[in-house]
Amino acid sequence: MITCRHAHQLFDRYLDGELSSSLQAELHAHQLACSSCRSDLALLEACGDVVAGDRREPVLGEAFTERVMQAYRMQQRPVRRSWGRVLVLFGSPAAAAASIVLAVTMIAPTAPPRTGREGITAGREVAVSAAVQGMQIPTRQLTARDREALARTPKMEAAGIVEKLVGPLVEQTWKSIEQTRRGARQLEYLVRLGPGAGTERLAAGSPPAEAGQPAGGGRSDLPWYQEWNLLVPPLDFDAPPVPPAHSDVDAELETL
Amino acid sequence: MISRQVEAGSVRLTRRMEKRLVRQACRGCQESARRLVDAHKDRLFAFVWRVLRDQHESEEVCQEAFLRAFSALESFSAEYRFSTWLFTIAYRLCLNHIRRRKPCTGEVDFSAICTDQQDASERLAESEEARMLKDKVWEAVDRLSTAQRAAVILFYREGMSCEAIARTLEIPMATAKSHLHRARARLREELSGLVEDWTQVKALREAAS
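Below or above, wherever it landed, is the structure these notes cover. Just so it is clear, the model here is predicted, and its values are computed rather than measured.

### Quick look at the overall build of chain A
- Scanning chain A for helices and strands turns up 11 helices and 0 strands.
- Within chain A, buried positions represent 11% of all 256 residues.
- In chain A, 56% of the contacts between residues at least 6 apart in sequence involve partners at least 24 apart.

What follows is the structure in structure tokens.
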């Protein structure tokens, strides 16, 4: 015969339906003799019956189904994209792609052109060297051709490779940015002067007019685009960056 | 052993029918989606209402659960019941609601619960004492933790096995069992002083069934 403590330990397994038939018989036998255990188990069974059968919860009406279906239909309807959204969705990747193309176009000429067999061999040398040094591959695992390529490659650290590859690219990118800024400043200077204003100053031997000052005097016979050419020196891409002169327009450009 | 009641107010779908409706709803069939809502809304609402104890919030959660289920029907695995999946989504939403709101007192006014929907004859047949005992049981259930309450309702009301409860609540099976066993221990502890003799328990069981 099991004790009350054992009986209580069996309650959960019994209520979960996981008690073997022999233990069930033991539990029933104990219950016949023990009113306390019988009452405890009956109480738990009663709680289960109440939870299962007492349905006094509020109920949902037909209106609920309609509401869900309406929301579902709204969800299924294709979303109309506004132009702003289209720009955000497609503009950013397009801009990123354009930047990459521009960077590659500007940077590519800096790499020494190596074509044909020479180029392939050089690539193989770098790849094999990087793999051997970076991943610490034992040389005996390489093919004969790779071992040959490795022998041709001068020893260099992995960091050295990165520096050699990335360094010129970064340098060239900075140079391009500076050139673009200089171009923008010169364009802004042109806009400030206005067509024809600089020609007169140049003819008079005076410096170009400041922004906001009216340009007086007669106009030359040159077409406007040639007048502008006189004002702006040709862009020298190899010249060092010009420090920007402070003006309101500069401040505005900075905030952009 | 307790005969677990699994019959519900709304029509229960067969597994085959359920699969077919899910397949059709997945293709965008509105009628199938409507039938799925009709078949599950009452059971789902009862579960959610017992967990949240707020009609407005419960309706909101049920609607959201259906919409989320429909929008992700393609990822539904036919290996499980649609109801299990739906209950899982609803339970997650319930937890979000509970986390968001202020801590509640646990006091429930059972007199406010749609007693008017009960059949008048049924009400007469039910003794005042038994009704009071049932209210006490629900009060004790409401004082359980959210996970324990959910486990108890899924086990007794939905007739789910411990394995199904674990899947629905997204917890290990041992944890699901532990929730259920601790819930029983707490119920016994809270109600043992209330029920004085065997006849009261018998009356309670008769009133409940």
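That was the structure; now back to the text.
### What to know about unusual backbone geometry
Residue and element names in this part refer to chain B.
- The backbone of Arg 53 sits at a positive phi, close to 60°, despite the residue not being glycine.
- Checked against the element boundaries, Arg 53 lands in the loop between helix H2 (30–52) and helix H3 (55–71).
- The class for Arg 53 is partly exposed, based on 18 C-beta atoms found within 10 Å.
- Here the phi dihedral of Glu 170 falls at roughly 55°; this positive angle occurs in a residue that is not glycine.
- For Glu 170, the location among the structural elements is in the loop between helix H8 (162–169) and helix H9 (173–191).
- Here Glu 170 falls in the exposed class, since 11 other C-beta atoms lie within 10 Å of it.

### What to know about the interface of chain B and chain A
- With 49 residues of chain B at the interface, the matching set in chain A holds 35 residues.
- Breaking the side of chain B that touches chain A down by element, the ones donating at least two residues are H2, H3, helix H6 (128–142), helix H7 (146–156), H9 and helix H10 (198–208) of chain B.
- Ranked by the residues each element gives to the side of chain B that touches chain A, the list is headed by H2 of chain B, at 11 residues.
- For the side of chain B that touches chain A, the per-class residue count stands at 25 nonpolar, 12 polar and 12 charged.

### What about H7 of chain B?
- Counting buried residues along H7 of chain B, 10 of its 11 residues qualify, which places the element largely inside the surrounding structure.
- Taken together, the buried positions of H7 of chain B are occupied by Ala 147, Gln 148, Arg 149, Ala 150, Ala 151, Val 152, Ile 153, Leu 154, Phe 155 and Tyr 156 of chain B.

### Observations concerning the packing of H2 of chain B against helix H4 (residues 82–100) of chain B
Residue and element names in this part refer to chain B.
- Interaxial distance between H2 and H4 falls to 10 Å at its minimum, and their mutual angle equals 35°. The hand of the H2/H4 crossing is right-handed. When H2 is examined against H4, the residues Leu 36, His 40, Arg 43, Leu 44, Phe 47, Val 48, Val 51 and Leu 52 are found in contact with a partner set consisting of Phe 82, Ser 83, Leu 86, Phe 87, Ala 90, Cys 94 and His 97.
- Tallied by class, the residues present in the contact of H2 with H4 amount to 11 nonpolar, 3 polar and 1 charged.

Calculation criteria
Residues numbered from 1 in each chain as written. Chains lettered and ligands numbered in written order. Predicted model: local features only at pLDDT ≥ 70, side-chain atom pairs only at ≥ 80, totals over all residues. Helix = DSSP H or I, 4+ residues; strand = E, 2+ residues; numbered from the N terminus. Buried ≥ 20, exposed ≤ 12 C-beta atoms within 10 Å, placed from the backbone. Contact = placed C-beta atoms within 7 Å. Nonpolar A, V, L, I, M, F, W, Y, C, P; charged D, E, K, R; others polar. Axes fitted to C-alpha atoms, helices over the stretch in contact; angles between N-to-C directions. Left-handed = near helix turned anticlockwise from the far one by under 90°.

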